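Each chain, written out:
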Amino acid sequence: MAKSGSLHKRNSFDTVQLMRRADELISAASNRYRITVQVANRAKRRRFEDFDSGDDPMMKPVMRAIIEMSDELTQPEIIGE
């Protein structure tokens with residue numbers, strides 16, 4: 001039972017961080033709809049890319065997309081073009 005409690009605490013921290021990052025993305029975007037679609041499209045791509053990989057199965061594609069996109073927003077040097 002204690003293990004479940006620690007898992008809940010970890011997930012609630014991750015949720016707070018995820019919400020903060022999503023808020024940063026929305027605040028920086030000129031169009032809320034467009035950024036939502038971009039996150040959804042990236043998540044869809046990641047879902048298919050990660051299907052065969054051994055990446056963290058607990059990290060949902062939408063969560064990963066929000067984290068990646070917020071990192072790109074705050075650290076533009078990591079974008080490889």
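Now for a look at the structure at hand. Since we're looking at a predicted model, the values are computed, not measured.

With respect to the overall build of the protein
Then, in step 1: Looking only at helices and strands, the protein features three helices and zero strands.
Then, in step 2: The order of α-helices and β-strands along the protein, N terminus first, is α-α-α.
Then, in step 3: Within the span of the protein, comprising 81 residues, buried residues form 19% of the whole.
Then, in step 4: A separation of at least 24 residues holds for 53% of the contacts in the protein among residues at least 6 apart in sequence.
Then, in step 5: By element, 57% of the accessible surface of the protein is carried by carbon and sulfur atoms, the whole surface being about 6,500 Å².

Some details on helix H3 (residues 61–74)
Then, in step 1: Taking 1.5 Å of rise per residue, the 14 residues of H3 would be expected to cover 20 Å, and the 20 Å separating its terminal C-alpha atoms lies within 8% of that figure.
Then, in step 2: Those residues of H3 lying buried are Arg64, Ala65, Ile66, Met69 and Ser70.

Description of the side chain of Arg42
Then, in step 1: In this structure, Arg42 sits in helix H2 (residues 32–49).
Then, in step 2: Residues in contact with Arg42, not counting those within four places in the same chain, are Ala65, Glu68, Met69 and Glu72.

Observations concerning the pattern of salt bridges
Then, in step 1: All chains considered together, the criterion is met by five salt bridges.
Then, in step 2: The shortest N-O distance in the salt bridge between Arg20 and Glu24 comes to 2.8 Å. Separated by four residues within a single helix, Arg20 and Glu24 lie in helix H1 (residues 2–28), roughly one turn from each other.
Then, in step 3: The class for Arg20 is partly exposed, based on a relative accessible area of 43%.
Then, in step 4: With a shortest N-O distance of 2.9 Å, Arg42 and Glu72 are connected by a salt bridge. With Arg42 in helix H2 and Glu72 in helix H3, this pair connects stretches of sequence that are 30 residues apart.
Then, in step 5: Overall, the relative accessible area of 16% leaves Arg42 in the buried class.
Then, in step 6: It is possible to trace a salt-bridge network through shared partners that takes in Arg42, Arg46, Glu68 and Glu72.

A closer look at the packing of H2 against H3
Then, in step 1: Where H2 meets H3, the axes come as close as 8 Å, and the angle between the chain directions of the two elements is 120 degrees. As far as their axial angle goes, H3 and H2 are oblique. Crossing hand, H2 versus H3: right-handed. Across the interface between the two elements, Ile35, Gln38, Val39, Arg42, Ala43, Arg46 and Arg47 of H2 pack against Pro61, Val62, Arg64, Ala65, Ile66, Glu68, Met69 and Glu72 of H3.
Then, in step 2: Looking at the contact of H2 with H3 residue by residue, the classes come out as eight nonpolar, one polar and six charged.

Cut-offs and rules
- Residues numbered from 1 in each chain as written.
- Predicted model: local features only at pLDDT ≥ 70, side-chain atom pairs only at ≥ 80, totals over all residues.
- Heavy atoms only, no water.
- Helix = DSSP H or I, 4+ residues; strand = E, 2+ residues; numbered from the N terminus.
- Buried < 20%, exposed > 50% of the residue type's maximum accessible area, 1.4 Å probe, protein only.
- Contact = heavy atoms within 4.5 Å.
- Areas by Shrake-Rupley, 256 points an atom, 1.4 Å probe, with all protein chains shown as cover.
- Expected span 1.5 Å × (residues − 1).
- Salt bridge = Lys/Arg side-chain N within 4 Å of Asp/Glu carboxyl O.
- Axes fitted to C-alpha atoms, helices over the stretch in contact; angles between N-to-C directions.
- Parallel < 35°, antiparallel > 145°, perpendicular 65-115°, else oblique.
- Left-handed = near helix turned anticlockwise from the far one by under 90°.
- Nonpolar A, V, L, I, M, F, W, Y, C, P; charged D, E, K, R; others polar.

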